[in-house]
Amino acid sequence: MSDALDVGSLDRTQRDALRRLVLSLADSKRLMGIRYSDWLLGSPSIETGIATSSMAQDEWGHARLLYSMLKDLDIDPVPIEHDRASEEYASVAPLDEEMPDWAALVAAICLVDGAMTTMLESFAEGSFEPARGRVPKMLAEEEFHASLGSAWFKRLAGAGGDAHRLLGEATRAMIPDLLAWVGADDGPARAMVEAGVIGDADGRVVAFRDRVRALTALVDVDVDAVVPSEDWDPARARSPGHPSEEAVERARGDRNRALFVE
Amino acid sequence: MSVTVLPIAPRPDGGLASHLSVHKSGGRDRWSEPLTAPPEDPVQATWGLLQEVLDPEIPISLPELGLIYGVEWEGGVARVRLTFTATACPCMEFIREDITDRLEAESWIDAVEIIEVWDPPWTSERITPEGRAKLRRLGVSA
């Protein structure tokens, strides 16, 4: 583990890079929670609906803790959470739209949530003290997501027919963007590696591929052969585009704006 | 030991029960009378007071549930290091308010400072033997 980072010693470029990293993780967690919440009703069983409810709750808890890390950069997280336009969100691209079917959500549990866990593991082992202290609890909660996702992925992959086909399509659609995100290696990403905040891009990609290889093989996707997406928005560390307006209205809490208590 | 059972009285205007404005746990906790003189060991006394603050969902105390990571005392300020069972625990605000309400009922405590901590992460391993015994009597295994 690296020595603790002295945030006060960071120059402007490094601070912006750290802000980008934290926002990328926090926004992705928030949108992941929304995508879980889309399936509170209408998932294959009452039990899976309850599971998505719990996972949505977890993701928003993680988002809350991640947004609060911005305070260490003297950034007020409240307007970040509640006042941004959809074009400013830094969540990963596969969460932009509602999952079209249960198979896509299962793919997202394993791949999108899995990519976030890969990043968080690296973040927790880095030099940023708030991440060291708060992320291990998130990772412990993520173990349950991974367990449920893996079980469902195997079940759908083994079912053949439409279940196998839809799962494969979702897997193929998600991985390129996720590889680009996990493997970000532009200037800000390198600045964070040099500051010891997060591990190097190659290591993160290896960890992600190791995490999902056996599962994606079940739907005939060789994750080692997938090429990362080349479209990249360096301001937000994600592929171009943005989450749907409806999702961002929920993320911001527009309906409850008069009731904010923060 | 004498106990104070908080009132559960409806407001005249038909709104929330009056106790909700002063005690967010809904009056379930049973608190002893405030001490009549400052204790010799404020830290130990604070731990004792926290034993009267129950988790809002499970009827064992916050120390028994393993949520209190530390208590410090400095110039009239009781500083409580608190964690939660989950990052999105829906009872966070209730727990914070219950701690503050209970401690501020003591005249020798000028202020309460709650520090949220996540390291080490809470697991059920942190439940004390006393807490486990109580849960077992309630038919809950932990």
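Residues numbered from 1 in each chain as written. Chains lettered and ligands numbered in written order. Predicted model: local features only at pLDDT ≥ 70, side-chain atom pairs only at ≥ 80, totals over all residues.

Observations regarding the overall build of chain B
Within chain B, the secondary structure is distributed over four helices and five strands. Each helix and strand of chain B, placed in order from N terminus to C terminus, yields the pattern β-β-α-α-β-β-α-β-α. By residue count, 23% of the 142 residues in chain B fall in the buried class. Within chain B, counting contacts between residues at least 6 apart in sequence, those at least 24 apart form 60% of the total. (Helix = DSSP H or I, 4+ residues; strand = E, 2+ residues; numbered from the N terminus. Buried ≥ 20, exposed ≤ 12 C-beta atoms within 10 Å, placed from the backbone. Contact = placed C-beta atoms within 7 Å.)

A short note on the overall build of chain A
A count of helical and extended segments in chain A gives nine helices and zero strands. Going residue by residue from the N terminus, the α and β elements of chain A occur as α-α-α-α-α-α-α-α-α. Across the 262 residues in chain A, those meeting the buried criterion constitute 47%. The long-range fraction of contacts in chain A, counting pairs at least 24 apart against all pairs at least 6 apart in sequence, stands at 78%.

Considering the sheet that holds strand β3 (residues 68-74) of chain B
Residue and element names in this part refer to chain B. Overall, mixed pairing links the three strands, which are arranged β3-β4-β5 in an open sheet. At either end of the open sheet lies a strand with only one pairing partner, and these are β3 and β5 (111-116). Sheet twist, expressed as the average angle between the axes of neighbouring strands with direction ignored, equals 20°. With six bridges connecting them, β3 and strand β4 (residues 77-82) associate as antiparallel partners. Note on β4: the bridge partner recorded for Val71 is Val80. (Pairing = 2+ DSSP bridges. Axes fitted to C-alpha atoms, helices over the stretch in contact; angles between N-to-C directions.)

Overview of the packing of helix α1 (residues 12-37) of chain A against helix α4 (residues 102-124) of chain A
Residue and element names in this part refer to chain A. Axis separation between α1 and α4 bottoms out at 11 Å; the angle between their running directions is 160°. Considered as vectors, α1 and α4 are oriented roughly antiparallel to each other. In this structure, α1 crosses over α4, and the sense of that crossing is left-handed. Contacts between α1 and α4 pair Leu25, Ser28, Lys29, Met32 and Arg35 from the former with Leu105, Ala108, Val112, Asp113, Met116, Met119 and Leu120 from the latter. Residues belonging to the contact of α1 with α4 are distributed by class as follows: eight nonpolar, one polar and three charged. (Parallel < 35°, antiparallel > 145°, perpendicular 65-115°, else oblique. Left-handed = near helix turned anticlockwise from the far one by under 90°. Nonpolar A, V, L, I, M, F, W, Y, C, P; charged D, E, K, R; others polar.)

Observations concerning the interface of chain B and chain A
The extent of an interface is frequently quoted as the accessible surface area lost upon association of the parts. Listed by partner, the interface residues are six residues for chain B and 13 residues for chain A. Among the residues making up the side of chain B that touches chain A, the classes are represented as four nonpolar, one polar and one charged.

Describing the confidence of the model for chain B
Residue and element names in this part refer to chain B. Chain-level pLDDT for chain B is 84 on average; 80% of the residues reach the 70-or-more range. For chain B, per-element mean pLDDT is lowest for strand β1 (residues 3-4), which scores 50, and highest for β4, which scores 98. Confidence drops under a pLDDT of 50 for residues 5-12, and excluding neighbours within four residues, the segment shows 16 contacts in the predicted structure. With pLDDT under 50 throughout, residues 14-24 is counted as low confidence; its partners more than four residues away or in other chains account for 18 contacts. (pLDDT = per-residue confidence, 0-100.)

Observations regarding the pairing of β5 of chain B
Residues and elements named next belong to chain B. Pairing between β4 and β5: six bridges, direction parallel. Within β5, the position partnered with Arg81 by the bridge is Ile115. Note on the crossover from β4 through helix α3 (residues 92-104) to β5: the handedness is right-handed. (Right-handed = clockwise from strand over helix to strand, strands pointing away.)

Considering unusual backbone geometry
Comment: phi is negative for the bulk of residues other than glycine, and the bulk of peptide bonds are trans. The peptide bond linking Asp119 of chain B to Pro120 of chain B adopts the cis configuration, its omega dihedral lying at 0°. A positive phi is found at Asp74 of chain A, a non-glycine position, where the angle reads about 60°.

A short note on the environment of Met69 of chain A
All names here are of chain A. Relative to the helices and strands, Met69 is located in the loop between α2 (46-68) and α3 (77-82). With 25 C-beta atoms counted inside 10 Å, the residue Met69 sits in the buried group. Once the C-alpha coordinates of Met69 and Met138 are considered, the two residues, 69 residues apart in sequence, prove to be 14 Å apart. Apart from the residues within four sequence positions on either side, Met69 is in contact with Val22, Pro130 and Ala131.

Looking at the nonpolar core
Counting residues in hydrophobic clusters, the biggest one holds 82 residues, and the most contacted among them are Val106, Ala107, Leu111, Val112, Ala115, Leu178 and Met192 of chain A. Elements with a contribution of two residues or more to this core: α1, α2, α4, α5 (129-159), α6 (161-182), α7 (187-194), α8 (201-217) and α9 (245-252) of chain A. If you tally residues by element for this core, the top one is α4 of chain A, at 16 residues. Each residue touching Met192 of chain A, except ones within four places of it in the same chain, is listed here: Ala17, Leu18, Leu21, Val197 and Ile198 of chain A. Counting 19 residues, the second-largest nonpolar core is a separate cluster that includes Leu49, Leu65, Leu103 and Trp122 of chain B. (Core = buried A, V, L, I, M, F, W, Y, C linked by C-beta atoms within 7 Å.)

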